[in-house]
Amino acid sequence: MIDVAIVGAGFAGLGAAVRLREAGVSNLVIFERANDLGGTWRDNVYPGCRCDVASNLYSFSFAPNPDWSNTYSYQPEIWRYLRDVAAANDLNDLIRYGHAVTDVAFDESTSLWRLTTSQGPVLARAVVLAVGALAEPRRPDIAGLDSFTGPVLHTASWDAAVEFCGRRVGVIGTGASAIQVVPHLAATAKRLSIFQRTPPWILPHEGHRVPARTRWLYRHLPGRQRLARLTYYLRRELLVLGFVKNPQRMSVGERQALDFLADQIPDPHLRARLTPTYRMGCKRVLLSNDYYPALRRDSVALITEPIERVVPEGIRSTDGAVHPLDVLVLATGFRVTDHPMGALVRGRAGATVGEALSGDLAHYLGTSFPGFPNLYMLAGPNTGLGHSSIIYMIESQLNYVVDAISTALTRRLLVEPTALAARHWTARVRDQLPSTIWATGCSSWYLTESGLNTTIWPDFTFRFRRATRGFRLRDHRLTPAGQGSVER
Ligand code: NAP
């Protein structure tokens, strides 16, 4: 039996292991379904994959990296960073690779969590779900998709063996992943057809190589890098004034994006089809200097006629045209509010964590749930961000999680938020949602099918940091493990 079972060896799982060990919890295991660590940064290996949050902030506060070669890193460097963090903190021996967790259930009679893994069952006193929000590729529900005769790839499960050079390639989607891969495909494909349902708002990318002297400075004067991190953090927090406090303010960014579009796309017909008709920020704002230029190539077509179905030789749009393709790329995002792991985690009364992701179960700090003693979810409901670094949110959650787990283990307790505390927290979050940018009428992966935002934290991130700074006894129900319950 183990003290803490961590599910997932991405940013969240590795961060949890470091922080728990620091707090003296050593009997812990990380279960990872794949054969390597890194989570979404291991899986998203499509050409051009890059983070749109600056690396000085998109990294652990306890593991700054003075050697980032670019202000906004590409996937290989972020993945390497995570492997370096694991090595520097001796985490590799804690990870059980090839262990897919298929069921997590609370056993009332033993006060333990029983995890079923692809390699057998495991018992644990506490569980940290670190499965990531952007982990399960979404395959779109498009008629005939299985009938396509060529290779079909999702951006998040790339197959480097597929040849694009000289072939007719189709890309479905124009989100963050698509705009990064399109310039690369456009450079080699014989013909590239991009199927756009909704045009994204795109701003110029400010990323650039980090000069050697800056890296030297970061290495020898770590305070200088901390200052750069803080400055960038504060700049990003200013966006909350538009995203949350007054969406009208986004008109400033919209003007900048429209000027950028006008500069990059001289053809007024193409420009009109690339012009968003919803408020900037409602969907994720994208950054790119090479997406629009790729669309200007003669070999690239932007198709805005809706897809009717996939046929064996390509895609038929609703105007009856068939777009012949040799390869089809799905840049169609992730299952976030219907993350498959949600249904596999069952608490006391048979409720599932999935109900919190779909908005039917109250959560506490986006991290714990009444009826799920000693179980915590990192990057859980309403902890995602449209403007800053999820790593900051995960580290905030860990302040609470580590405190709560240490208390539970040392005092042999089951700890869970009270129903009242969870209701209050969930209501606090939901009360703020209607006036935010994400409720201004677009569809996005932030929303459930019924239109509820269960994904984004609708406030300044320092407020979340304050709320999660420790374990508040009065918000929790403590039960001696294995005995009758005691309400505090
Ligand atoms: P996404 O933002 O969810 O975009 C999916 C795209 O597929 C959208 O354009 C969507 O159109 C389209 N789509 C989905 N189903 C479709 C269908 N049935 N028919 C036609 N089009 C369809 O996914 P993503 O681009 O993978 O990005 C997801 C998130 O991952 C990002 O928001 C970001 O948080 C993260 N990410 C970040 C980076 C980065 O740091 N730069 C890179 C990649 C991913 P609609 O807009 O009409 O729904």
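Quick summary incoming for the structure in this document. Keep in mind that what you see is a predicted model, and the values were worked out from it rather than measured. (Residues numbered from 1 in each chain as written. Predicted model: local features only at pLDDT ≥ 70, side-chain atom pairs only at ≥ 80, totals over all residues. Heavy atoms only, no water.)

**A look at the packing of aromatic side chains**
The geometry of an aromatic ring pair is captured by two quantities: the separation of the ring centres and the angle between the planes. Let me state the cut-off plainly: For Phe, Tyr and Trp, rings pair up if their centres lie within 6.5 Å, where Trp contributes its six-membered ring, and each pair is then called stacked (planes under 30 degrees apart), edge-to-face (over 60) or tilted (otherwise). Strands are runs of DSSP state E lasting at least 2 residues, helices are runs of H or I lasting at least 4, and numbering of each runs from the N terminus. Whether a residue is buried, partly exposed or exposed follows from its accessible area with a 1.4 Å probe, protein chains only, as a fraction of its type maximum: under 20%, in between, or over 50%, in that order. Placement of a positive charge over a ring is assigned whenever Lys NZ or Arg CZ falls within 6 Å of the ring centre and within 35 degrees of the normal to the ring plane.
Applying the stated criterion to the full structure yields 23 aromatic pairs. Residues F243 and W438 carry aromatic rings whose centres are separated by 5.7 Å and whose planes lie at 75° to one another, so their mutual orientation is edge-to-face. Residue F243 is located in helix α7 (residues 240-245), and its partner W438 is located in the loop between α13 (419-432) and α14 (461-467); the two are separated by 195 residues in the primary sequence. Taken individually, F243 and W438 each receive the classification buried, so the pair is uniform in this respect. With a centroid separation of 5.7 Å and 70° between ring planes, the pair formed by F369 and F372 is classed as edge-to-face. In this pair, the class of F369 matches that of F372, namely buried. An aromatic cluster is present here, built from F11, W41, Y58, F60, F62, W68 and Y81 joined pairwise through their rings. A cation over an aromatic ring shows up here: R83 above the ring of W79, its NZ or CZ 4.4 Å from the ring centre.

**Focus on the pattern of salt bridges**
This is how it is decided: What counts as a salt bridge is simple: a side-chain nitrogen of Lys or Arg found within 4 Å of a carboxyl oxygen of Asp or Glu.
If you walk through the whole model with that rule in mind, you get 22 salt bridges. The partner of D103 in a salt bridge is R346, and the shortest N-O contact between them spans 2.6 Å. With D103 in strand β4 (residues 101-107) and R346 in strand β17 (residues 345-346), this residue pair connects regions lying 243 residues apart in the sequence. According to the relative accessible area criterion, D103 is buried, its value standing at 19%. R348 serves as the salt-bridge partner of E108, at 3.0 Å between the closest nitrogen and oxygen. Of the two residues, E108 sits in the loop between β4 and β5 (112-117) while R348 sits in the loop between β17 and α11 (353-357), which places them 240 residues apart along the sequence. The partly exposed category is assigned to R348, whose relative accessible area is 24%. Here the residues in one salt-bridge network are E108, R348, E416 and R477, joined through shared partners.

**Things to note about the pairing of strand β14 (residues 314-317)**
Working note: regular strand, side chains alternate between the two faces of the sheet. The condition that has to hold: Should DSSP find at least two bridges between two strands, the strands are taken to pair.
Here strand β13 (residues 307-311) runs beside β14; their pairing, made up of four bridges, is antiparallel. By the bridge assignment, V310 is partnered in β14 with I315. As consecutive antiparallel partners, β14 and strand β15 (residues 322-324) are separated by four residues, and within that stretch G320 has a phi angle of approximately 95°, a positive value.

Treat this as a map of the structure, not an account of what it does.
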